[in-house]
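Given next are the chains, with one letter for each unit.
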Amino acid sequence: MTPGIKDTAHAVEAAAVMRLLPARPRLLALGEPTHGEDTLLDLRNELFQQLVEQEGHRSITIESDCMTGLVVDDYVTSGTGTLDEVMERGFSHGFGASAANRELVRWMRAYNDGRPASERLRFAGFDAPLEMTGAASPRQALVGLHDYLAARVDADLLPCAAETLDRLLGADDRWTNAAAVMDPSQSMGRSAEAGELRLLADDLVALLDAQTPCLIAASSRDDWDRARLYGRTATGLLRYHFWMADTSPGRMARLLGLRDSMMAANLLALAERGPALVHAHNRHLQRDKSTMRLGGMPLEWWSAGALVGARLGEGYAFLATALGTIRHHGVGAPPPDTVEGLLYALPEDRYVVDAPRLAAILDDAQPAPRVSPWFGYFPLDPAHLAGNDGIVFVKDVPRS
């Protein structure tokens, strides 16, 4: 083992994490290199509880649909619905099936019970309403924004009636057509109706901004924040659908970038509310440009973490998670000349590492990149080691 590496490793505790950071961040981002492993989510839950109890954190946001996340937030803050309903309706990407996510929601609701609103924990999804099979209809967001404004401003100020939106939106399955993912001609994103909706969405968001003082006075800051979320989501989805209809070679890279841009906008809005823990895939939270190959074509775009980090500076901190083994997916012990291999040689089962200090210790002896035998696990890129504020290392991930 390279001398000094052991001195960079500490227990995964809130206090140890905070000591690694140059300033108290508005957003503390904890990445994961693969989805679907409750071992990693249990660790996230433990860290969040410590941040709440020791550091005053009041919010957590995860890589799940920002619109369905409102269902979870309503439950943890006011007990709306049941836990079973929330787990079924409040998560995207299948994350509601996770026992660790269920425990997070249960704990947050129990913590909030009997507390004043100012002390309650909040939950948010920060992903766009997108899946691999396509994008959602903008209906929920557009109608939600219009309804909020229609109840609080003069009718003459509205750019359209609710009936106009309903007519232009049409049937939702026109928007969610899975064939549009691979065939741009199947997308309705450049139809006349979609073009008119983009203009109306822009006018509705402009009206929301222009009427901010009276809107907050007439409702609440939380209601206004929710309307802003509707506006971001409506305009973002309409933009995404527009580019789904694109036929140029840059189509996929643009769509990937638009998703992360929507994520970043949601994170920046959450940063206004106070310190929050962010949890998502490493690739969405890293400060470096994201890359992948699709059909042999190299794609590049800026991740949500890179976009947010550029805006917040030291107000954004990123801990990447790295793993030793995921044997149930064929990922065995890492080669000793990789970052994961060097960390795997340490005796503890899990710890947080000072990443810039580790990079300085390794200096010119840059580790080899690890190659995963399983497509669902993304190893660390050793070239980006110093760009992380820390690395959370988990030696072995058993089957959930």
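Residue numbers restart at each chain and count upward from 1, following the sequence in its written direction. The predicted nature of this model means local features are confined to residues of pLDDT at least 70 and side-chain atom pairs, given and counted, to a pLDDT of 80 or more, with totals for whole chains, interfaces and linings taken over all residues. Values shown for side chains rest on all heavy atoms present in the structure; no hydrogens or waters enter the calculation.

S.K.: I keep staring at the overall build of the protein and nothing clicks. Help me out?
M.R.: Numbering of helices and strands starts at the N terminus; helices are DSSP runs of H or I of at least 4 residues and strands are runs of E of at least 2. Of regular secondary structure, the protein possesses 15 helices and 12 strands. C-alpha atoms define the radius of gyration, and 2.2 Å times the number of residues to the power 0.38 defines the globule rule. The C-alpha radius of gyration of the protein comes to 22 Å, within 12% of the 21 Å expected for a compact globule of 400 residues. Each principal axis of the C-alpha atoms in the protein carries an extent, and together these give about 70 × 55 × 35 Å. The buried label goes to any residue with under 20% of its type's maximum accessible area, the exposed label to any with over 50%, and the partly exposed label to all in between, with areas taken from a 1.4 Å probe on protein chains only. Taking all 400 residues of the protein together, 53% fall into the buried category.

S.K.: Looking at this structure, I do not really get the pairing of strand β12 (residues 390–396). What am I missing?
M.R.: Every other side chain in a regular strand lies on the same face of the sheet, so the side chains alternate between the two faces. For β12, the tally of buried residues reaches 6 of 7 residues, placing the bulk of the element in the interior. Both strand β11 (residues 350–353) and β12 contribute to a ladder of 4 bridges, which runs antiparallel. The residue of β12 that forms the bridge with Tyr 351 is Phe 393. Here the rule is simple: two strands pair whenever DSSP picks up at least two bridges between them.

S.K.: Can you walk me through the pairing of strand β7 (residues 276–281) in this structure?
M.R.: Among the 6 residues of β7, 6 are classified as buried, and the element is accordingly described as predominantly covered. As paired strands, strand β3 (residues 59–65) and β7 are joined by 4 bridges and run parallel to one another. Paired with Thr 61 across the strands is Val 278, a residue of β7.

S.K.: When you look at the sheet that holds β12 in this model, what are you seeing that I'm missing?
M.R.: Strand pairs in the sheet, formed through backbone hydrogen bonds, run parallel or antiparallel to each other. The sheet built from 8 strands is open, its strands ordered β1-β11-β12-β10-β2-β7-β3-β4 with mixed pairing. Looking along the sheet, the strands with just one partner apiece sit at the ends: β1 (9–10) and β4 (122–127). Bridge count between strand β10 (residues 316–325) and β12: 6 bridges; the pairing is parallel. If you follow Leu 323 over to β12, its bridge partner there is Val 394.

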